[in-house]
Amino acid sequence: MADASIIPAGITGIFDLLSPVAPGWGANLLRGLVRSLQIAFGAFGMGLIIGTFGAYGKLYGGPIVRDLAAIYTTLVRAVPELVMIILLYYAGTDLINRILEGLGYQRVDISGLVAGIVVLGFVQGAYATEVLRGAIKSIPQGEIEAARAYGMPPTLMMRRITLPAMLPHALPGLANLWLISTKDTALLAVVGFSELTLETRQAAGTTKAYMTFYLAAGALYLFITLFSSVILEWVEKRARRGMPSVKEAR
Amino acid sequence: MSNALGETEIEVPIETFPIHKEKDSSSQASKLPPHRIVLILIGLALVASAALFMRWDWLPQYGGLILQGLWRTIWILVVTVFLGFLLAVPLGLAQASGPAILAIPARAFCTVIRGTPLLVQLWLLYYGLGSLFPQYPWIRGSELWPYLRQAWPYAVLALTLSYAGYEGEVMRGAFAGVPKGQLESARAFGMPRFTIFRRIWLPQAIHRALPTLAGEAVLQLKSTPLVATITVVDLYSVASRVRQDTFLTYEPLLLLAAGYLVITGIIVMLFRRVERLIPSKLG
């Protein structure tokens, strides 16, 4: 009896709850989704920049740079992302403000978006370092030696030889990192940044329709994942054109 | 200078095969070059200054709670890795060589688990399922109800499913990677199918998956703090409680990070030891 009375009400209710117009919470979820994607893009981009420097440091840096890069990647990959986020989010902003006050400046209010991007980018950077290092190492070293023999300056060599040649090797790892980055944005809900997961939680808490909203959020995340893996597969195929397929080689 | 010159003049006898000696001296030199000693000293100085200048007087008061949280983190980790692995074996097997009716659901399960954040899965189970259950009187009346009202079954369920999803994909590759000849020769010996699976297929697949299993176990450890968001008192939530009680920002978090580092190190060491137990001349 109880089921019969609940289910029809639930089904008509779902579309009202998820509709993007005012009484529904669809607009909130979509806003959260956009914020999640902004952070994921930002963090992934920052991770790529850190990763490029980290990989170069690990491969070509002096002994101290190499050790520091190793400490960075080991620490960040061993400590849970949630702990890193809390540590960098609270302690990081506190530290910046203390330094600013010490130097005689005013306290700044760091926006959640920037803090989220920096924190996740820092974590992503450690993984990207390892991915890019492996990719650079899998370039035939003769290509780099030839470039050096031509007298190319390092930045030109990086732009013309190393980065294009390593891209096909790096793409599977980077694709994985992008997927991790989209999912890690959910962790920012714990520090109160209103991205998709926190918006969902608020919508669910207000309407008490927990199942509906969490399933909807799950579907949105799944959609991002599937959509990006289609695109990433296409990009990878394009970058690897003319090279033997990995699957056939196995 | 003269001393150094004098030392070089005491000629080292020419060795035709200096392999061993050079290997020894070079490995010893690479272990502790001067810059690394300096780095270690800086690290020790940082730890010492943290121990001296930061506030640690709350430690004895929360010692018991910290141990309890540590125990619960490790307990959840071990239980979910074990249960998740048990689930991952059929998931991988179904995807590697099962009929479509099993392979497609297994594949869909892995895709959904790997495509959504663990936090959403956890909250879906805890808040979603947790809000559905009380509506049914027969569930409220059942023996399981006292457990379903607590948070940890949902935490264990979510983490188990998550591990199974990721590991199912790994096991699929591992099962598919076992050389066909091994299975064919087992069949030629007249082994029953389950014996082939138990004696040949599964051990070789596990051996192939072992390095990845270690990595996944570390990843699983790194996702355990999420259970703190559904009121399970693990190591992470003890640290946040200390932060709330004492208004300290850095100390509990640094200790927490150090704790996770140590557990990660132990996991990596354990798996390395297991890997060493297995003779590695397979396939």
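Refer to the structure printed above.
The rules behind these values
- Residues numbered from 1 in each chain as written.
- Chains lettered and ligands numbered in written order.
- Predicted model: local features only at pLDDT ≥ 70, side-chain atom pairs only at ≥ 80, totals over all residues.
- Core = buried A, V, L, I, M, F, W, Y, C linked by C-beta atoms within 7 Å.
- Buried ≥ 20, exposed ≤ 12 C-beta atoms within 10 Å, placed from the backbone.
- Contact = placed C-beta atoms within 7 Å.
- Helix = DSSP H or I, 4+ residues; strand = E, 2+ residues; numbered from the N terminus.
- Nonpolar A, V, L, I, M, F, W, Y, C, P; charged D, E, K, R; others polar.
- Axes fitted to C-alpha atoms, helices over the stretch in contact; angles between N-to-C directions.
- Parallel < 35°, antiparallel > 145°, perpendicular 65-115°, else oblique.
- Left-handed = near helix turned anticlockwise from the far one by under 90°.
- Expected span 1.5 Å × (residues − 1).
- Arc of directions from axis to C-beta.

Colleague: Which residues make up the nonpolar core, and what values do they have?
Modeller: Soluble, globular proteins show a tendency: their nonpolar side chains are buried together. In terms of nonpolar packing, the biggest core is built from 108 residues, with Val83, Ile85 and Tyr214 of chain A together with Leu119 of chain B touching the most fellow members. Not counting residues up to four positions away in its chain, the partners in contact with Val83 of chain A are Pro225, Tyr236, Leu253, Leu256, Ala257 and Tyr260 of chain B.

Colleague: I'd love a proper account of the interface of chain A and chain B, names of residues and values included.
Modeller: Frequently, the measure chosen for interface size is the accessible area removed from exposure when the parts meet. Counting from both sides, the interface comprises 35 residues of chain A and, opposite them, 31 residues of chain B. Among the elements of the structure, α1 (2-18), α3 (63-78), α4 (81-102), α8 (196-207) and α9 (210-239) of chain A are those that each provide at least two residues to the side of chain A that touches chain B. Residues of the side of chain A that touches chain B, tallied by class, amount to 26 nonpolar, three polar and six charged.

Colleague: Requested: an account of the packing of α3 of chain A against helix α5 (residues 112-137) of chain A, with residues and values cited.
Modeller: All names here are of chain A. It is at 9 Å that the axes of α3 and α5 come closest, and there the two elements cross at 120°. Classified by the angle their axes make, α3 and α5 are oblique. Handedness of the α3/α5 crossing: left-handed. Listed contacts from α5 to Ala69, Tyr72, Thr73, Val76 and Arg77 of α3 are Val123, Ala126, Tyr127, Thr129 and Glu130. Among the residues forming the contact of α3 with α5, the class breakdown is six nonpolar, two polar and two charged.

Colleague: Can you tell me about α3 of chain A, naming the residues and giving the values?
Modeller: In a regular helix each residue adds 1.5 Å, so 16 residues correspond to 22 Å; α3 of chain A covers 22 Å between its end C-alpha atoms and thus fits that length. Every buried residue of α3 of chain A is accounted for by Ala69, Thr73 and Ala78 of chain A. Mapping the buried residues of α3 of chain A onto a view down its axis gives an arc of 145°, with all of them on the same face. The secondary structure elements touched by the buried residues of α3 of chain A are α2 (26-60) and α5 of chain A together with α13 (250-277) of chain B.

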